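# A structural walkthrough
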Amino acid sequence: MAEQTGNLTFGIIKPDAVRGGKTGAIIQRITESGFKLRGMKLIHMTHEEAKGFYDVHRERPFFGELTTFMSSASCVVLALEKEGAIKAWRDLMGATDPAKADAGTIRKEFANSIGENAVHGSDSEDNAGIEIAYFFSRLELV
Ligand code: CMP
């Protein structure tokens, strides 16, 4: 694992995209953009697990909606490696609100709304480490 090099980030393919059969197309976009997959698995979070993951947003008005949605069906969690991974993955995802996302981004192509926006990505190196550790054990990272 490329620990603390700034070259790792964390991603989620969210329930809307998994349910919609977009997992393969999104993985293809990720690998074609030069990311290496260091960890990948299908999970189905409990509501408590989703609340723990999004704890930083617990005071937001959308917290209930967000955590109910994220625990409503399966997600794919990803540990992604690329030089400048945090920014590269956020650029590939596009704006949180798909209506504001640039052409060619994953959210522009696959997302329905700000709440059901196909993918998640870490916003900093520190959070990438925390988020990868939330879902992956050391043995699950190659
Ligand atoms: P994500 O990158 O997973 O991080 C927090 C999530 O909260 C974000 O993507 C959105 O899906 C969600 N979110 C942000 N703003 C809103 C909002 N106004 N209404 C509903 N969900 C939101």
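What this report covers is the structure whose coordinates are included nearby. (Residues numbered from 1 in each chain as written. Predicted model: local features only at pLDDT ≥ 70, side-chain atom pairs only at ≥ 80, totals over all residues. Heavy atoms only, no water.)

### Quick word on the site of the ligand
Near the ligand you find Lys 14, Tyr 54, His 57, Phe 62, Glu 65, Leu 66, Thr 96, Arg 107, Ile 114, Gly 115, Asn 117 and His 120, and these make up its full shell. Separating an oxygen atom of the ligand from a side-chain N or O atom of Asn 117 is a distance of 3.3 Å. Considering the ligand on its own, with 450 Å² of exposed area, one finds that the protein chains cover 79% of that surface. Split into classes, the residues belonging to the shell around the ligand amount to four nonpolar, five polar and three charged. (Near = heavy atom within 4 Å. Polar contact = N/O pair within 3.5 Å; in protein donor to acceptor, adjacent residues only side chain to side chain. Areas by Shrake-Rupley, 256 points an atom, 1.4 Å probe, with all protein chains shown as cover. Nonpolar A, V, L, I, M, F, W, Y, C, P; charged D, E, K, R; others polar.)

### Focus on the sheet that holds strand β2 (residues 36–43)
Within the open sheet, the four strands sit side by side as β2-β3-β1-β4. Their pairing is antiparallel. The open sheet has two edge strands with one neighbour each: β2 and β4 (119–121). Averaged over all pairs of adjacent strands, the angle between strand axes in this sheet comes to 20°, irrespective of strand direction. Note: strand β1 (residues 8–13) against strand β3 (residues 75–81), six bridges, orientation antiparallel. By the bridge assignment, Ile 13 is partnered in β3 with Val 76. Most of the contacts of helix α2 (residues 23–32) go to β3, to which it runs at about 5°, and overall it touches β1, β2, β3 and β4. (Pairing = 2+ DSSP bridges. Helix = DSSP H or I, 4+ residues; strand = E, 2+ residues; numbered from the N terminus. Axes fitted to C-alpha atoms, helices over the stretch in contact; angles between N-to-C directions. Contact = heavy atoms within 4.5 Å.)

### What about the packing of aromatic side chains?
Geometry of an aromatic ring pair is reported as the spacing of the ring centres plus the angle between the planes. Summed over all chains, the structure comprises seven aromatic pairs. Here the aromatic rings of Phe 35 and Trp 89 are separated by 6.2 Å at their centres, their planes lie at 75°, and the arrangement is edge-to-face. Note that Phe 35 is positioned in the loop between α2 and β2 and Trp 89 in helix α5 (residues 85–93), a separation of 54 residues in sequence. As far as burial versus exposure is concerned, Phe 35 and Trp 89 are alike and both buried. With a centroid separation of 5.3 Å and 55° between ring planes, the pair formed by Phe 53 and Phe 135 is classed as tilted. Taken as a pair, Phe 53 in helix α3 (residues 47–53) and Phe 135 in helix α7 (residues 125–135) lie far apart in primary sequence, 82 residues in all. Taking relative accessible area as the criterion, Phe 53 reaches 9% and is therefore assigned buried. The class of Phe 135 is buried, set by a relative accessible area of 11%. Three or more aromatic residues joined by ring pairs form one cluster here, namely Phe 10, Phe 53, Tyr 54, Tyr 134 and Phe 135. (Phe/Tyr/Trp six-rings, centres within 6.5 Å; stacked < 30°, edge-to-face > 60°. Buried < 20%, exposed > 50% of the residue type's maximum accessible area, 1.4 Å probe, protein only.)

By themselves these figures say nothing about function.
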